[in-house]
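Reading the structure
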Amino acid sequence: MLLLSIDTSIRGCSVAVHENSVLLASADLHTDRSSSSMLTTLMESAVTHAGFTLNDLDAIAVAKGPGSYTGLRVGVSSAKGLCYALDKPMIAINTLEAMALQLSAFYPEHLLCPMIDARRMEVYAAVFDSTNSFVQETQAIIMDENSFQDLLSEHKVVFFGDGAAKCEALLGDHPNAVFPTKEIRPSAVTIGELAVKAFENAQFEDVAGFEPYYLKDFMSPPSKKSSLPA
């Protein structure tokens, strides 16, 4: 089974190629707008470096969100385009679940809380145990001093991702709150690891009807023209 995975949940993009559970190639760009301008090039390059062509793929996996509205739209649209062009199935993976998988082996006694910045004091977050099972489902949270106190009273919790800085400013002094110094970003590598299992269980999406997991409605900034007096 040959699988191409895509993640465009936040700024930049990430792609990976797995053959069964073995990672063959991966590539990441962390610059603004790279998901729209470079994603196709990265996908083709990763598959080529793995020694295959796009036609050899058995499925396309994509991070479904939560995350950046624009980024998710680009990633899902690209995945859909490949699925239609190649007549391949599509697999969608929760971005936060894949982020938690990056750290689960390093914190076997902790709960894991990946966070994605959602502007102001809001984050997209979920909580997982060391087996990568959900303890708290994905939700949008407005952070304050009382956030996660129920979990922190009984567990050590690792907070990470680009939204964790908001959490650290409020909970950084709590003895059970852990904040890794290394930046943890969404990655197509762990999207692919989870997608391999989904492929084995035939957990495919309806390509035509699938929409990204935005979690909340897109809010565009007000037009400067609309603020001008009549």
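A brief report on the enclosed structure follows.

Rules used throughout
- Residues numbered from 1 in each chain as written.
- Predicted model: local features only at pLDDT ≥ 70, side-chain atom pairs only at ≥ 80, totals over all residues.
- Heavy atoms only, no water.
- Helix = DSSP H or I, 4+ residues; strand = E, 2+ residues; numbered from the N terminus.
- Rg over C-alpha atoms; globule rule 2.2 N^0.38 Å.
- Buried < 20%, exposed > 50% of the residue type's maximum accessible area, 1.4 Å probe, protein only.
- Phe/Tyr/Trp six-rings, centres within 6.5 Å; stacked < 30°, edge-to-face > 60°.
- Lys NZ or Arg CZ within 6 Å of the ring centre and 35° of its normal.
- Pairing = 2+ DSSP bridges.
- Axes fitted to C-alpha atoms, helices over the stretch in contact; angles between N-to-C directions.
- Contact = heavy atoms within 4.5 Å.

A few words now on the overall build of the protein chain. Scanning the protein chain from N- to C-terminus turns up 7 helices and 10 strands. For 230 residues, the compact-globule estimate of 2.2 N^0.38 gives 17 Å, and the protein chain sits close to it at 18 Å. C-alpha atoms of the protein chain, sized along the principal axes, occupy 60 × 50 × 30 Å. Counting all 230 residues of the protein chain, 49% fall into the buried class.

The next thing to look at is the packing of aromatic side chains. Aromatic ring pairs are described here by two measures, namely the spacing of the ring centres and the angle between the planes. A full pass over the atoms with the stated rule returns 5 aromatic pairs. For the pair F148 and F159, a centre-to-centre distance of 5.2 Å together with 65° between the ring planes defines the contact as edge-to-face. You can see F148 sitting in the loop between β8 (134-142) and α5 (149-152) and its partner F159 sitting in strand β9 (residues 157-160), a full 11 residues away along the chain. Judged by relative accessible area, F148 falls into the buried class, the value being 7%. Owing to a relative accessible area of 1%, F159 belongs among the buried residues under this scheme. Ring geometry for F199 versus F204: centroids 5.6 Å apart, planes at 70°, classification edge-to-face. The class of F204 is partly exposed, set by a relative accessible area of 35%. Ring pairing ties together the aromatic residues F148, F159 and F179, which thus form one cluster. Directly above the ring of Y213 sits K64, whose terminal nitrogen or CZ lies 5.9 Å from the centroid.

Let us now look at the sheet that holds β8. Taken together, 5 strands build an open sheet; the order of strands is β8-β7-β6-β9-β10 and the sheet is mixed. Each edge of the sheet is formed by a strand with only one pairing partner; in this case those strands are β8 and β10 (177-178). With 2 bridges joining them, β9 and β10 adopt parallel strand pairing. Residue pairing for β10: V158 is matched across the bridge by V178.

Attention shifts here to the sheet that holds strand β2 (residues 13-19). Strands in a sheet are paired, the pairing made by backbone hydrogen bonds, and the direction either parallel or antiparallel. The mixed open sheet is built from 5 strands, whose spatial order is β3-β2-β1-β4-β5. What marks the edges here is a single partner per strand, and that holds for β3 (22-29) and β5 (90-94). The sheet shows a mean angle of 20° between the axes of neighbouring strands, direction not considered. Along the sheet, helix α2 (residues 39-49) contacts β1 (2-7), β2 and β3; its crossing angle with β2, the most-contacted strand, is approximately 25°. The strands touched by helix α7 (residues 188-200) within the sheet are β1, β2, β3, β4 (59-65) and β5, with β1 carrying the most contacts at an inclination of about 135°.

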